[in-house]
Amino acid sequence: MKLITRLLLLLMVNTFIPAAVMAEPTREELEKWFNDDSQYPEEQDSNTGQLVFLAQPPAKPAPHSTHQLTVTPASINTGWISIEQCHKNLDAIEAVEVVYRYQQMRNLKIQSTQHIGKAWVEGQSIQLTDVQKGAELCARLEAHVFYQDDKGNYFLVNGPFQRRFFDSYFPMHLSLSVIYPHRLLRFSNVHPARQTGFNVTSSKNRIDIDTWFEGKLVIGIEFEKKP
């Protein structure tokens with residue numbers, strides 16, 4: 001019985017993987033990605049991560065991930081932004097690994113936890129054990145995810161966000177806010193586009209995105225530099 005239990009826990013360790021940029025994109029790749037109508041054209045089977053937005057929240061509770069990304073005037077030159085995030089209502093299992101696959105990141109720190117036995121930073125991940133019902137994890141980090149193209153436009157890329165168990169993907173709630181220097185930048189575009197299940201609102205210096213989805217979600221936001 002102990003052997004079976006340990007095997008199940010090892011298989012469940014990657015259930016919740018909320019943030020990753022696998023490699024720094026080129027400017028050409030960013031342009032092509034923003035102009036492509038399909039985020040994952042090669043994936044047809046929903047079990048492989050095809051992105052589906054949900055018009056209504058699911059009947060069963062699901063994890064809610066909140067992110068605040070702050071773009072500063074220095075970010076325009078360096079590409080680095082700060083990210084504060086909280087993962088609420090985590091799946092209640094023995095072990096969870098929150099993995100960050102940014103090519104460049106730094107200063108990953110745990111801010112707070114609730115209903116979690118133990119949490120610690122290990123490389124580019126946060127390891128959790130004894131995760132109970134209603135568990136919450138808040139952390140902060142810095143990541144190099146702000147890019148400029150040849151036309152002087154700027155792209156902020158974050159994701160993929162996903163909630164996965166084995167090869168299946170389950171509903172997830174994501175709220176993402178971007179704070180940016182409005183005297184220097186103007187919000188011009190978002191990918192995926194606004195649609196049912198993917199709500200986008202913007203004000204003078206802030207963009208708010210709220211979405212329910214299944215599969216893999218990468219969010220890209222485009223800015224124009226003000227003269």
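Above this note sits the structure.
Described in the following lines is the structure provided in the data block.

Conventions used here
Residues numbered from 1 in each chain as written. Predicted model: local features only at pLDDT ≥ 70, side-chain atom pairs only at ≥ 80, totals over all residues. Heavy atoms only, no water. Disulfide = S-S within 2.5 Å. Helix = DSSP H or I, 4+ residues; strand = E, 2+ residues; numbered from the N terminus. Buried < 20%, exposed > 50% of the residue type's maximum accessible area, 1.4 Å probe, protein only. Salt bridge = Lys/Arg side-chain N within 4 Å of Asp/Glu carboxyl O.

1. Considerations on the state of the cysteines
Inspection of every chain in the model, using the stated rule, returns one disulfide. Bridging Cys86 to Cys138, the disulfide has an S-S length of 2.0 Å. With the S-S bond torsion at 110 degrees, the cross-link from Cys86 to Cys138 turns out right-handed. Of this pair, Cys86 sits in strand E4 (residues 80–88) while Cys138 sits in strand E7 (residues 125–144), and the two are 52 residues apart along the sequence. Residue Cys86 is classed as buried on the basis of its relative accessible area, which comes to 17%.

2. A look at the environment of His144
By secondary structure assignment, the location of His144 is in strand E7. Residue classification places His144 among the buried positions, given a relative accessible area of 14%. Separated by 39 residues in sequence, His144 and Met105 have C-alpha atoms that sit 6.3 Å apart.

3. Remarks on the pattern of salt bridges
Tallying each qualifying case throughout the model produces four salt bridges. One salt bridge in this structure joins Glu142 and Arg106, with 3.4 Å as the shortest N-O distance. Taken together, the positions of Glu142 in strand E7 and Arg106 in strand E6 (residues 105–121) put the pair 36 residues apart, joining distant regions of the chain. Residue Glu142 is classed as partly exposed on the basis of its relative accessible area of 23%. Here Asp208 makes a salt bridge to Arg206, at a shortest N to O gap of 3.0 Å.

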